Amino acid sequence: MEKTITISIDVEANIQKVWDKWTNPEDVTKWNFASDEWQSPTATNDLKVGGEFHYRMEAKDGSMGFDFWGVYTEVITHKTIKYTLGDDRPVTITFEEKEGKTTLKETFTAENENTLELQKNGWQAILNNFKKHVEKS
């Protein structure tokens, strides 16, 4: 039975800035990792229905790494991004601005290799990095 996980974060920035930092490949390389021991050295993004994104995630010491990629199924600027990961799991991201803050919420289908808690914590750590990146830039 498929399980879904939802995580969210409030970012002290307007929706335009949040959207831009989320979708710009140069910015993605600065926040798309769960801990300081990891990095995202490359990112590409073709933000349109049928377009693909490809993010490389790897340990800074070179001990491991993987490609994180997907195909967009819906893109509504400043509102929603939906995509299917390379392993066919769906992901939905919503953006909502209120009083100068933007709430970003991600819902994804869990994979079967890692515990739900590990997956939730890892994705949340990436969101936390995103928040730091946006708020300091």
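Enquirer: Lay out the environment of phenylalanine 130 with the relevant residues and their values.
Expert: Checked against the element boundaries, phenylalanine 130 lands in helix α3 (residues 116–136). Sequence separation between phenylalanine 130 and glutamine 16 is 114 residues; the distance between their C-alpha atoms is 14 Å.

Enquirer: For the nonpolar core, give the residues involved together with the corresponding values.
Expert: Core analysis: the largest hydrophobic core is formed by 31 residues, its most contacted members being Trp22, Tyr83, Phe95 and Leu104. For this core, the leading source of residues is α3, giving five residues. Among residues more than four places away in sequence, those in contact with tyrosine 83 are Phe53, Phe68, Val71, Tyr72, Thr73, Arg89, Pro90, Val91, Ile93, Glu106 and Trp123.

Enquirer: Please give an account of the layout of surface pockets that cites residues and values.
Expert: Empty space within the largest pocket amounts to approximately 910 Å³. For the lining of the largest pocket, the secondary-structure elements that each account for two or more residues are β4 (52–59), β5 (65–76), β6 (80–85) and α3. Residue composition of the lining of the largest pocket, by class: 20 nonpolar, five polar and six charged. In this model, the second largest pocket occupies a volume close to 170 Å³. Of the residues contributing to the lining of the second largest pocket, the split by class is four nonpolar, two polar and six charged.

Enquirer: Tell me about the pattern of salt bridges, and name the residues and values.
Expert: A complete count under the given rule lists nine salt bridges for this structure. Here arginine 56 ties to aspartate 67 by a salt bridge, and the two come within 3.3 Å at their closest N and O atoms. On the criterion of sequence distance, the pair formed by arginine 56 in strand β4 and aspartate 67 in strand β5 is long-range, its members being eleven residues apart. Overall, aspartate 67 belongs to the exposed group, its relative accessible area being 52%. Between glutamate 74 and lysine 82 there is a salt bridge whose closest N-O contact spans 3.5 Å. For glutamate 74, a relative accessible area of 27% gives the class partly exposed. Sharing partners across several salt bridges, the network here consists of Arg56, Glu58 and Asp67.

Enquirer: Outline α3, supporting the account with residue identities and numerical values.
Expert: The end-to-end C-alpha separation of α3 is 30 Å, in line with the 30 Å expected for 21 residues at 1.5 Å each. Residues of α3 that are buried: Gln119, Trp123, Ala125, Ile126, Leu127, Asn129, Phe130, His133 and Val134.

Enquirer: Which residues make up the packing of aromatic side chains, and what values go with them?
Expert: Enumeration according to the criterion identifies 14 aromatic pairs in this entry. Each ring, one from tryptophan 22 and one from tryptophan 31, has its centre 4.7 Å from the other, and the planes form 25 degrees; the classification is stacked. In terms of burial, tryptophan 22 and tryptophan 31 fall into one category: buried. An angle of 75 degrees between the planes, with centres 4.9 Å apart, marks the rings of tryptophan 31 and phenylalanine 130 as edge-to-face. With tryptophan 31 in helix α2 (residues 25–31) and phenylalanine 130 in helix α3, this pair connects stretches of sequence that are 99 residues apart. Grouping aromatic residues by their ring pairs yields a cluster made of Phe53, Tyr55, Phe68, Tyr72, Tyr83, Phe108 and Trp123.

Quick notes on the rules
- Residues numbered from 1 in each chain as written.
- Predicted model: local features only at pLDDT ≥ 70, side-chain atom pairs only at ≥ 80, totals over all residues.
- Heavy atoms only, no water.
- Helix = DSSP H or I, 4+ residues; strand = E, 2+ residues; numbered from the N terminus.
- Core = buried A, V, L, I, M, F, W, Y, C linked by side-chain atoms within 4.5 Å.
- Buried < 20%, exposed > 50% of the residue type's maximum accessible area, 1.4 Å probe, protein only.
- Contact = heavy atoms within 4.5 Å.
- 1 Å grid on protein atoms, 1.4 Å probe; cavity = no way out; pocket = protein on both sides within 12 Å on 5 of 7 lines; lining within 4 Å.
- Points joined across faces, edges and corners; volume = space filled by probe spheres on them.
- Nonpolar A, V, L, I, M, F, W, Y, C, P; charged D, E, K, R; others polar.
- Salt bridge = Lys/Arg side-chain N within 4 Å of Asp/Glu carboxyl O.
- Expected span 1.5 Å × (residues − 1).
- Phe/Tyr/Trp six-rings, centres within 6.5 Å; stacked < 30°, edge-to-face > 60°.

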